[in-house]
Amino acid sequence: MHIIVCIKQVPDTEELPRVRVNPEDNTIVREGIKSIINPFDENAIEEAIRIKEKNSAVVTVISMGPPQAKDALRKALAMGADKAILISDPVFAGSDTLATSFTLSEAIRKIGNFDLILLGKQAIDGDTAQVGPGLAEWLGIPQVTYVRRLEIKDKLIKVERVLEDCFEIVEVKLPAVVTVTKEINEPRYPSLKGLLRARKAEIPVWGNDYLGLPLDKVGLDGSPTRVTKVFVPEPPPKGKIIEGDLNQKVEKLIEEIKKRDLLKWLR
Ligand SMILES: Cc1cc2nc3c(=O)[nH]c(=O)nc-3n(C[C@H](O)[C@H](O)[C@H](O)COP(=O)(O)OP(=O)(O)OC[C@H]3O[C@@H](n4cnc5c(N)ncnc54)[C@H](O)[C@@H]3O)c2cc1C
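Since this is a predicted model, take the numbers as computed values, not measurements. (Residues numbered from 1 in each chain as written. Predicted model: local features only at pLDDT ≥ 70, side-chain atom pairs only at ≥ 80, totals over all residues.)

Draft legend 1. Spotlight on the overall build of the protein. Assigned secondary structure in the protein consists of seven helices and 13 strands. Principal-axis analysis of the C-alpha atoms places the extent of the protein at approximately 75 × 45 × 40 Å. Expressed as a percentage of the 267 residues in the protein, the buried residues total 33%. Across the protein, the fraction of contacts at a sequence separation of at least 24, relative to all contacts at a separation of at least 6, is 70%. (Helix = DSSP H or I, 4+ residues; strand = E, 2+ residues; numbered from the N terminus. Buried ≥ 20, exposed ≤ 12 C-beta atoms within 10 Å, placed from the backbone. Contact = placed C-beta atoms within 7 Å.)

Structure (structure tokens):
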């Protein structure tokens, strides 16, 4: 069995106050910002390794991103993935979810022979949750999103899919795309042996000279989404603190409610 895990490197949440947006194209300026593996993608890696441990699978991890995304791939190797490939080329920069899922799908076709593709449910920076479904569409294979439990049954998988107030049990034929939630597992820490192996591992970089994708389907030119404005929302107005003993507070509160005609919302 061959499992491919798609991972994205995202800014560390602790770095959020330092994250800036390029005013020219509204993309995130990632240089100089500490990055981590998107947390949901760590769950996807962990699930792939657990399947490998039970079913003797091979796990390949891929990421599309700038050269520093190799660090994320190395961590995945240290956790127990077998191979890693970085998809990186200046012509892929500025990709929206359509172009990202297209580029990933073509890289996966190039890898070939896959049974299961795992992704996180969403990236904590872009946050769209569109790349997994987009990938399945480009590859023309089934998809199940928001999965919290996964069981391999020969050429089928049985999964539990989280919905708002219940969960759904779905059986899907492989090959398929699955996006996972945090509930599915607890990602392991890399072992020392894993870290040493990952440090030495060769990570091939596939650019467009290798993938040969049409330039109007990748990067900014292949991205119909235009971010017209990015801004930090205004903080909500400050509340008013009512002072005094309990009776005074209640009287002042009633006065305030009448003055602002707040009860109209209940009528
Ligand atoms: C006009 C425009 C320009 C943009 N320019 C850039 C840019 O220059 N650089 C940039 O990083 N982002 C850029 N973005 C954001 C970029 O489109 C998204 O981050 C990216 O397409 C993934 O979408 P998302 O973050 O919402 O991922 P989601 O769809 O929320 O991610 C779901 C899952 O898909 C997988 N995944 C997502 N992205 C990747 C990836 N790159 N490689 C492997 N697996 C992945 C992960 O498993 C992830 O958990 C741009 C967006 C727009 C609209």
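Still to come is the rest of the account.
Draft legend 2. Spotlight on the site of the ligand. Neighbouring the ligand are 34 residues; Leu 119, Gly 120, Ala 123, Gly 126 and Thr 128 lie closest to it. Where the shell around the ligand is concerned, the elements lending two or more residues are helix 1 (39-55), strand 6 (58-64), helix 3 (97-111), strand 8 (116-120) and helix 4 (131-139). Classifying every residue of the shell around the ligand by side-chain character gives twelve nonpolar, 16 polar and six charged. (Near = placed C-beta within 6 Å. Nonpolar A, V, L, I, M, F, W, Y, C, P; charged D, E, K, R; others polar.)

Draft legend 3. Here's a closer look at the environment of Thr 100. Locating Thr 100 in the fold gives a position in helix 3. The residues touching Thr 100, leaving out its near neighbours within four places in the chain, are Met 64, Ser 95 and Val 131.

Draft legend 4. The arrangement of the nonpolar core in detail. With 57 residues, the main nonpolar core has Val 5, Ala 76 and Ala 81 as its most contacted residues. Those residues in contact with Ala 76, other than ones at most four positions away along the chain, are Val 5, Ile 7, Ile 45, Val 61, Ala 81 and Ala 84. (Core = buried A, V, L, I, M, F, W, Y, C linked by C-beta atoms within 7 Å.)

Draft legend 5. Structural detail: helix 4. Among the residues of helix 4, Val 131, Gly 132, Gly 134, Leu 135, Ala 136 and Leu 139 are the ones counted as buried. One or two steps after helix 4, the chain reaches Gly 140, where phi turns positive at roughly 65°.

Draft legend 6. Main features of the packing of helix 2 (residues 70-79) against helix 5 (residues 192-200). Interhelical geometry of helix 2 versus helix 5 gives an angle of 140° and a closest axis separation of 7 Å. The pairing of helix 2 with helix 5 is recorded here as oblique in orientation. Here helix 2 and helix 5 pass one another in a crossing that is right-handed. Along its contact with helix 2, which presents Arg 74, Leu 77, Ala 78 and Met 79, the element helix 5 presents Gly 194, Leu 195, Arg 197, Ala 198 and Arg 199. When grouped by side-chain class, the residues that make up the contact of helix 2 with helix 5 number five nonpolar, one polar and three charged. (Axes fitted to C-alpha atoms, helices over the stretch in contact; angles between N-to-C directions. Parallel < 35°, antiparallel > 145°, perpendicular 65-115°, else oblique. Left-handed = near helix turned anticlockwise from the far one by under 90°.)

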